[in-house]
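Breakdown of the fold
Next come the chains, spelled out residue by residue.
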Amino acid sequence: MIYLFVSSATRLAAYIAAILAFALTFAGLKIFKDILPADIGRAYAVNAAAAKGKPRGAGIIFVIVFLVLTLVFVPLKWEAVCYCVLLFLAMLAGFLDDASKAPWSDYKKGLIDLVISFFVTLVFVLNNSTDILMVYSGKTLELPVWLYLILGTVLVWMSVNVVNCTDGVDGLSSTLTLISMSGFIVLLSKAPVLKHMYGQMNPDSTPILMWIYIFMGCIAAYLLFNAGPSILLMGDAGSRTIGVFFALTAMKSGCPQMFIPLCLVFIIDGGLGLVKVFLLRFFKIHILKNVRTPIHDHVRKNKGWSDAQTVIRFAVSDLLVIFLACYMIKNF
């Protein structure tokens, strides 16, 4: 749908950027994969031994490729530069954890994520409207800046952590990322139409569309190395950056609530575990006692699904949810 809303020159630039992202990421992973830190395994994770010793932290390579191509293909406004810096910091924090001999504590990582989430949202509210377009009714919800700042920070933080928790099966997180990013392309492609119909002051969607195309090129190249049986893992360097990117894209669309349907499989797979741990750790409330989290571990351990079955079934579920969400936008 992008061709309906942008010039032929912009379309060509998007295609070139995506191809370059794929080629540079593939080359970078091929050349530098052997110098990446080795995975030390995850306690209590299903099939953790199979990942132990594999190069991880590949996110440092594809995120750097993404940021460099962003500086080349996306107009350099200070807002975009700030986002690039914050995405780099999210990647760097994740990579330092990947390279650490002892995993960082949950509190340390959570605090870093919270600080980055706050500044991502702060940059957004300083440069964009905080009105939210309700895409299924056409109405606009006006939020005060302080409330948007709080809710946006929560959104970014949750996105970072649900994506991170989902990264535990060969090819799963990267496959879901490509599908969800495709959903955001459809949503952003509709933004100019919604602006025309309802007068909603949405930000220009073209730079974010370009960002998505570049990121998809990077993730597609990484998936060639991560498809089961994988020879490379993105680590926190990749998953945490993807989480920030998803939340930022949702906010830039003018419809941040659409993060829920477009990333629903991430939310269910990784988010239920976060809720379970939070309630148990702070309130001594034990829910989902017979459910192993993340959910991808439950279906593999308790239901006997293979890794390939898990990836395909989660991917199909993601496609169905996104198709329904986008169809309803088209026909409200």
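Structural data are supplied above this passage.
In short, a report on the structure. (Residues numbered from 1 in each chain as written. Predicted model: local features only at pLDDT ≥ 70, side-chain atom pairs only at ≥ 80, totals over all residues. Heavy atoms only, no water.)

**A few points about the overall build of the chain**
- If you tally the helices and strands in the chain, you get 13 helices and two strands.
- Per-residue burial over the chain gives 53% buried out of 332 residues.
- Long-range pairs, those at least 24 residues apart, make up 77% of the contacts in the chain between residues at least 6 apart in sequence.
- Just so you have it, the chain exposes about 15,100 Å², and 71% of that area is on carbon and sulfur atoms. (Helix = DSSP H or I, 4+ residues; strand = E, 2+ residues; numbered from the N terminus. Buried < 20%, exposed > 50% of the residue type's maximum accessible area, 1.4 Å probe, protein only. Contact = heavy atoms within 4.5 Å. Areas by Shrake-Rupley, 256 points an atom, 1.4 Å probe, with all protein chains shown as cover.)

**Re the environment of S159**
- Along the chain, the position of S159 falls in helix α6 (residues 145–166).
- Given a relative accessible area of 0%, S159 falls into the buried group.
- When the C-alpha positions of S159 and T241 are compared, they lie 9.7 Å apart, and in sequence the two are 82 residues distant.
- Those residues in contact with S159, other than ones at most four positions away along the chain, are G243, F246, A247 and F259.

**Considerations on the environment of M158**
- Along the chain, the position of M158 falls in helix α6.
- Considered as a pair, M158 and I267 are 109 residues apart in the sequence and their alpha carbons are 8.6 Å apart.

**Quick notes on the packing of aromatic side chains**
- Taken as a whole and judged by the stated rule, the model has 17 aromatic pairs.
- Plain terms: the ring middles of F66 and W211 are 5.9 Å apart, the flat faces sit at 85° to each other, and that makes the pair edge-to-face. Within this pair, whereas F66 is found in helix α3 (residues 59–73), its partner W211 is found in helix α8 (residues 206–226), the two being separated by 145 residues in sequence.
- Between the aromatic rings of F215 and F245, the centroid separation amounts to 4.7 Å while the plane-to-plane angle is 65°, which identifies the pairing as edge-to-face. Of this pair, F215 sits in helix α8 while F245 sits in helix α9 (residues 235–252); the two residues are 30 residues apart in sequence, bridging distant segments of the chain.
- The buried category is assigned to F245, whose relative accessible area is 1%.
- An aromatic cluster is defined as three or more aromatic residues linked by ring pairs; in this entry it consists of F62, F66, Y83, W211, F215, Y222 and F245. (Phe/Tyr/Trp six-rings, centres within 6.5 Å; stacked < 30°, edge-to-face > 60°.)

**Let's talk about the packing of helix α5 (residues 106–127) against α6**
- The N-to-C vectors of α5 and α6 enclose an angle of 135°; their axes lie 8 Å apart at closest approach. Judged by the inter-axis angle, α5 sits oblique to α6. Read as a crossing pair, α5 and α6 show a hand that is right-handed. Every residue of α6 that contacts α5 at G110, D113, L114, S117, F118, V120, T121, L122, F124 and V125 is listed here: V145, Y148, L149, G152, T153, V156, W157, V160 and N161.
- Residue classes in the contact of α5 with α6 are distributed as twelve nonpolar, six polar and one charged. (Axes fitted to C-alpha atoms, helices over the stretch in contact; angles between N-to-C directions. Parallel < 35°, antiparallel > 145°, perpendicular 65-115°, else oblique. Left-handed = near helix turned anticlockwise from the far one by under 90°. Nonpolar A, V, L, I, M, F, W, Y, C, P; charged D, E, K, R; others polar.)

**What about the packing of helix α4 (residues 78–99) against α5?**
- The contact between α4 and α5 brings their axes to 10 Å, and the two run at 175°. Relative to α5, the element α4 is oriented roughly antiparallel. When α4 is examined against α5, the residues W78, E79, C82, Y83, L86, L89, A90, A93 and D97 are found in contact with a partner set consisting of K109, I112, I116, F119, V120, V123, F124 and N127.
- Here the residues of the contact of α4 with α5 are counted per class, giving 13 nonpolar, one polar and three charged.

**Observations regarding unusual backbone geometry**
- Of the consecutive residues G228 and P229, the connecting peptide bond is found in the cis state with omega at -5°.
- Assignment of secondary structure puts P229 in the loop between α8 and α9.
- A cis amide bond, omega -5°, links T293 with the succeeding residue P294.
- Locating P294 in the fold gives a position in the loop between α11 (264–283) and α12 (295–301).
- The residue L288 is not glycine, and still its phi comes out positive at about 50°.
- In this structure L288 comes out as partly exposed when scored by relative accessible area, which is 32%.

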